[in-house]
Amino acid sequence: MKAIKLFGLFLASVIVGSSFYGCKKDEYESRINELILKDMFFISDASIDTLKFRHEDLSHYSVSSDSSWCHPEIQKESSQIVIRVDANEKFDERVTAVKIKDMVDTTKTRSFIVTQDQRDALLIDDPYTHFSVPTAGQDVTVKINSNVTYTVEIDEANKDWIAEKKVASTRGLAESSVILSVAKNESGADRTGYAYIFNDYEPTARVKITIDQKFDAKLTVDPMTLTIDELGGIVKATVKANIDYDVYSQVDWVSKSSTKELSDSTTSESFRVEEFTDRKKSRTGYIIIENAAYDDLQQKIKVTQTRALYIEDADNISVDMGKTVKLTLTNTTGDDNVTWISSNKNIATVSADGTVTGVAAGSATITVTSADEEHTYSAKVTVNKVEEKKEDSKEESSSK
């Protein structure tokens, strides 16, 4: 009988305990839906941020993340959720969900989004940061890997010869290009210019682009030899140059007359040659065209002034009476028809081919004139008297 009573007491205690537990569970009401959640955004660096819940008991909740780079933690004492993120070394932003779960009422969950910014990149490899451009100019292409928008700025001192032709922007690491147009170098010297590519989100982050442009100095003259007759006049030479130059003559009988521009880099230089009065066959002088900064480009024009008609040894011709001497004539007129005249036919005569006959002792001037009568030259001929007495003496001696 006693055993029956003890079993009854045990059964009653079990029923009472079960009723108490069921009552307690039925009385629990999750407040997870009352939590004020918000999505969180982090920069690309390793960072920490919190969600605070005033006077909220977070002991019934757990928190977790879908991604290994995001580390959520509940701090029960301060009623807050702490989110720690690792540094984002990638060039794209990343997103994960943070899940809050009620450990008592496991059917209750909440979540919010954590987004971490990309690592900003404005990457330009070395081959695309330094360019060498020929004198004629050309376009250069800067290849860029970037996940930010950027701005191209030409150095103020170089805007007259470097210009931006195209700029492309992107989001998410991708290749784009900036094309810079470099003008022809007409400065007269090598030059260096700069362009800068700025990260629009961080203006202090910039990449410097260096452009070196050669200047190939040119100075040529055609022809290099000028000829003119004794009358003088104007001779011309064509100068092709992309640099300034000076012109001067090394002789006083040649001087610069004028300069005429034919094109951007071509000019015609005219020179005056004075009349040739010396009794010489020809004379030679030089015209110098140069830029002192480019000694190796100096041009020397040879100017030759030659008599169209010239009698060799014209001041030292003699002939005996009754004898002949043929004058040696140089004729560059292009016409062999010339006229010979003697100033005194009683002393010496001259034939059409320039043969002089001594008539009587004395001197005469022999003049030759070109067919167009533009050119003349003269020679002084001395006629030597023949000593007849000497001849008579010889005859008397032989008769004895």
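Up top is the structure.
Keep in mind it's a predicted model, so treat the numbers as computed, not measured. (Residues numbered from 1 in each chain as written. Predicted model: local features only at pLDDT ≥ 70, side-chain atom pairs only at ≥ 80, totals over all residues. Heavy atoms only, no water.)

Novice: Please explain the layout of surface pockets as it appears in this structure.
Specialist: Its volume calculated, the largest pocket comes out at about 490 Å³. For the lining of the largest pocket, the secondary structure elements donating two or more residues are β18 (233–241) and β21 (266–273). Among the elements that take part in the lining of the largest pocket, β18 stands out by supplying three residues, more than any other. The residue inventory of the lining of the largest pocket, partitioned by class, reads five nonpolar, nine polar and eight charged. (1 Å grid on protein atoms, 1.4 Å probe; cavity = no way out; pocket = protein on both sides within 12 Å on 5 of 7 lines; lining within 4 Å. Points joined across faces, edges and corners; volume = space filled by probe spheres on them. Helix = DSSP H or I, 4+ residues; strand = E, 2+ residues; numbered from the N terminus. Nonpolar A, V, L, I, M, F, W, Y, C, P; charged D, E, K, R; others polar.)

Novice: Please explain the environment of Ile43 as it appears in this structure.
Specialist: In this fold, Ile43 is placed in the loop between β1 (40–42) and β2 (47–52). Ile43 has contacts with Gln116 and Asp117, leaving out every residue within four places of it along the chain. (Contact = heavy atoms within 4.5 Å.)

Novice: Sorry, what's going on with the packing of aromatic side chains here?
Specialist: Geometrically, a pair of aromatic rings is defined through the distance of the ring centres and the angle of the planes. According to the stated counting rule, one finds two aromatic pairs in the structure shown. It is Lys208 that lies over the ring of Tyr194; its NZ or CZ is 4.2 Å from the centre. If you follow Lys300 out to its NZ or CZ, it ends over the ring of Tyr286, 5.4 Å from the centre. (Phe/Tyr/Trp six-rings, centres within 6.5 Å; stacked < 30°, edge-to-face > 60°. Lys NZ or Arg CZ within 6 Å of the ring centre and 35° of its normal.)

Novice: Before we go on, may I ask you to explain the pairing of strand β9 (residues 130–133) in this structure?
Specialist: It is a general feature of regular strands that their side chains alternate between the two faces of the sheet. The alternating pattern of β9 places Phe131 and Val133 on a buried face and His130 and Ser132 on a face that is not buried. With four bridges joining them, β9 and strand β15 (residues 202–213) adopt parallel strand pairing. Bridged to Phe131 within β15 is Ile211. (Buried < 20%, exposed > 50% of the residue type's maximum accessible area, 1.4 Å probe, protein only. Pairing = 2+ DSSP bridges.)

Novice: Please clarify how a negative patch on the surface should be interpreted in this entry.
Specialist: Taken together, Asp335, Asp336, Asp372, Glu373 and Glu374 make up a surface patch of like negative charges. Among the structural elements, Glu373 can be located in the loop between β31 (362–369) and β32 (376–384). On the accessibility criterion, Glu373 (65% relative accessible area) is exposed. (Patch = residues over 30% accessible without salt bridge, like charges linked within 9 Å, V, L, I, M, F, W, Y side chains within 5 Å. Areas by Shrake-Rupley, 256 points an atom, 1.4 Å probe, with all protein chains shown as cover. Salt bridge = Lys/Arg side-chain N within 4 Å of Asp/Glu carboxyl O. Lys, Arg positive; Asp, Glu negative; His and termini not counted. Charge placed at Lys NZ, Arg CZ, Asp CG, Glu CD.)

Novice: What's the story with the sheet that holds strand β30 (residues 355–358) in this structure? I'm lost.
Specialist: Either a parallel or an antiparallel arrangement is found when strands of a sheet pair, and the pairing is made through backbone hydrogen bonds. Read across the sheet, three strands follow the order β26-β30-β29 without closing on themselves; strand pairing throughout is antiparallel. The open sheet terminates on both sides in strands that have one partner only, identified here as β26 (324–326) and β29 (348–350). On average, adjacent strands in this sheet sit at an angle of 20° to one another, irrespective of strand direction. Pairing analysis gives three bridges linking β26 to β30, with the strands arranged antiparallel. Paired with Val325 across the two strands is Val356, which belongs to β30. (Axes fitted to C-alpha atoms, helices over the stretch in contact; angles between N-to-C directions.)

Novice: Explain the sheet that holds strand β22 (residues 282–290) to me, please; I cannot follow it from the model alone.
Specialist: If you walk across this open sheet you meet the four strands as β17-β23-β22-β19, and the pairing is mixed. Edge positions in the open sheet fall to β17 (225–229) and β19 (246–249), since each of these has one partner strand only. Strand-to-strand twist of the sheet, defined as the mean angle between neighbouring strand axes without regard to direction, takes the value 20°. Two elements, β19 and β22, share four bridges in a ladder whose sense is antiparallel. Its bridge partner lying in β22, Asp246 is registered against Glu290.

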